[in-house]
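Commentary on secondary and tertiary structure
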Amino acid sequence: QVRLVESGGGLVQTGGSLRLSCTASRSILSINHMGWYRQAHGKQREMVAIITNGGGRDYADSVKGRFTISRDIFKNTVYLQMNSLKPEDTAAYYCGAERGATRDIDWGQGTQVTVSS
């Protein structure tokens, strides 16, 4: 099991930026992939950005060109840089870690991002 600790959420105006951090309890190189997911009120949780063990990246179409996922292996940390934020980005953001042969996913506690009009 991987324990994930998130930080960086907050309230920003349209066009602003935030940087989310997710620190894992063990080396992120031992994890199949890590990613950021979000869930707006009344909506299903959706994938925002993924970074694989080998460093490959994937993004939801709605955030391409605005969000960047990255990692610091020495700090066991994954980041999500969010630029040009829009009100529709408002959601609870969760860090997820897929691990092991069973491909189980461990989740962080979530951090709220609110973008005002």
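Up top is the structure.
My aim in this report is to walk through the structure given alongside it, one point at a time. Note that the structure is a prediction, hence the values are computed from the model and not measured. (Residues numbered from 1 in each chain as written. Predicted model: local features only at pLDDT ≥ 70, side-chain atom pairs only at ≥ 80, totals over all residues. Heavy atoms only, no water.)

1. Some remarks on the pairing of strand E10 (residues 104-107)
- Pairing analysis gives four bridges linking strand E9 (residues 91-99) to E10, with the strands arranged antiparallel. Across the sheet, Arg99 pairs through a bridge with Asp104, a residue of E10.
- In sequence, E9 turns back onto E10 through a hairpin of four residues, with Gly100 there showing a positive phi of about 70°. (Pairing = 2+ DSSP bridges. Helix = DSSP H or I, 4+ residues; strand = E, 2+ residues; numbered from the N terminus.)

2. Brief notes about the sheet that holds strand E7 (residues 67-72)
- One open sheet accounts for four strands, arranged E1-E3-E8-E7; its pairing is antiparallel. On the outer flanks of this sheet lie strand E1 (4-7) and E7, each paired with one strand and no other. Averaged over all pairs of adjacent strands, the angle between their axes in this sheet comes to 15°, without regard to strand direction.
- Relative to strand E3 (residues 18-24), E1 runs antiparallel, the two sharing four bridges. Residue Val5 lies in a different strand from E3, and its bridge partner there is Thr23. (Axes fitted to C-alpha atoms, helices over the stretch in contact; angles between N-to-C directions.)

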